[in-house]
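Results of the structural survey
What follows is the residue order along each chain.
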Amino acid sequence: MNTTIGVIGLGLMGAAMARRLAEAGWSVLGYNRTPREVDGVETLSELPEFARRAETLWLMVSDEAACREVIESLGEEGVRGHVVINSSTIAPEESSALARRVSALGGEYLEAPVLGSIPQATTGTLQLLLGGPDALVARHDDLLRALGTPTHFGEIRSGAAAKLAFNQLIGSLTAAFSMSLGLVQREGVDVDKFMDTLRESALYAPTFDKKLANMLDHSFDKANFPLKHLLKDIRLFTRSAAGQDIDTHLLIGLQHVLEEGVCAGHGTHDYSSLYESIVRQRPLH
Ligand code: NAP
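Owing to the predicted nature of the structure, the values given are computational and were not obtained by experimental measurement. (Residues numbered from 1 in each chain as written. Predicted model: local features only at pLDDT ≥ 70, side-chain atom pairs only at ≥ 80, totals over all residues. Heavy atoms only, no water.)

Bringing helix H1 (residues 12–23) into the picture now. Its twelve residues place the ends of H1 17 Å apart at the C-alpha level, agreeing with the 16 Å of an ideal helix rising 1.5 Å per residue. For H1, the set of buried residues is Met 13, Gly 14, Ala 15, Ala 16, Met 17, Ala 18 and Leu 21. Just downstream of H1, Gly 25 is the residue with a positive phi angle, here 100°. (Helix = DSSP H or I, 4+ residues; strand = E, 2+ residues; numbered from the N terminus. Expected span 1.5 Å × (residues − 1). Buried < 20%, exposed > 50% of the residue type's maximum accessible area, 1.4 Å probe, protein only.)

This is the structure we're talking about:
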């Protein structure tokens, strides 16, 4: 496929994805609401010119409000005849409303949220969770594979639903591990022995080791996936789950923990900083 890919949203993930696509040999243009440079990628500051030069528009912005703002700013002139691939994490109903809007403006829409973060975007090893028509998925196979492994879950909504299901696990597993680690530390249990035993058990998840050092060092400044976006995703999951008669009491608690973290200034820190809201600092005597 000989086409220019326009990546909209050059934040943590969008910038890494744009760089990876360019490195893989695709013709890539970047656009960010607040003008931003990305190494190896030509960036434009005007959306109309951007849409004239890019056939495929790949969205990687914060949330549904941002997606909607971008689509309305593009308008019919910017959307007609374009394919919009949306990798922003949004709810299934939000995605299907956007798909309808894109279609009304004369474009095609493919849902493609991603599992994985900056390291996976950089190395082209993301998991792309697709929802949309078979033909559109098939037509973009090469492009999608430049970023990782696509899985086509079905119609629009299905990729977004799978993504929320995965991100619920990110939040819940990290919270569960924080509580256990906290009790081990406060009771003076040897953390190495605890971890060795955990690794040998069926309870172990690799994400525990990925976040252990951050928690032990209270070091969360370098974010791949910021806490504020995990809060957004847990809110979206809670709303979607409540509509499907899935009990959300546990998630209401997790939301409180994440809201406390954002209020304490951890919003742009790594999501594992939720440990700080769970294992509270004790005042020095
Ligand atoms: P980020 O660094 O906070 O970047 C957000 C991007 O959205 C920025 O480019 C921002 O532009 C843009 N934006 C926000 N509001 C906008 C609006 N109203 N109009 C136009 N652009 C707007 O976020 P990120 O970590 O890259 O995440 C992007 C999306 O991917 C989120 O939905 C997130 O949940 C999801 N995700 C993230 C990860 C991860 O590991 N980070 C992994 C998978 C999925 P400005 O610079 O102008 O504010």
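Our next topic: the pattern of salt bridges. Under the criterion given, the structure shown has 15 salt bridges. The salt bridge partner of Arg 239 is Glu 93, with a shortest N-O separation of 3.2 Å. A residue pair is termed long-range when its members are at least 10 positions apart, and Arg 239 in helix H11 (residues 227–242) and Glu 93 in helix H4 (residues 92–104) qualify at 146 residues. The exposure class of Arg 239 is partly exposed, given its relative accessible area of 44%. (Salt bridge = Lys/Arg side-chain N within 4 Å of Asp/Glu carboxyl O.)

The tally for this structure, following the rule as stated, stands at four aromatic pairs. Seen in terms of ring centroids, Tyr 31 and Phe 50 are 5.8 Å apart; in terms of plane orientation they differ by 55°. Their pairing is tilted. You can see Tyr 31 sitting in strand E2 (residues 27–31) and its partner Phe 50 sitting in helix H2 (residues 47–53), a full 19 residues away along the chain. The buried category is assigned to Phe 50, whose relative accessible area is 0%. (Phe/Tyr/Trp six-rings, centres within 6.5 Å; stacked < 30°, edge-to-face > 60°.)

Moving on, we get to the site of the ligand. Around the ligand sit 27 residues, and of these Asn 32, Thr 34, Ser 62, Ser 117 and Asn 224 come closest. Between the ligand and the protein, one listed contact pairs an oxygen atom with a side-chain N or O atom of Arg 36 at 2.8 Å. Within the backbone of Asn 224, an N or O atom sits 2.7 Å from a nitrogen atom of the ligand. Within the complex, 90% of the 900 Å² of free accessible area of the ligand lies under protein. (Near = heavy atom within 4 Å. Polar contact = N/O pair within 3.5 Å; in protein donor to acceptor, adjacent residues only side chain to side chain. Areas by Shrake-Rupley, 256 points an atom, 1.4 Å probe, with all protein chains shown as cover.)

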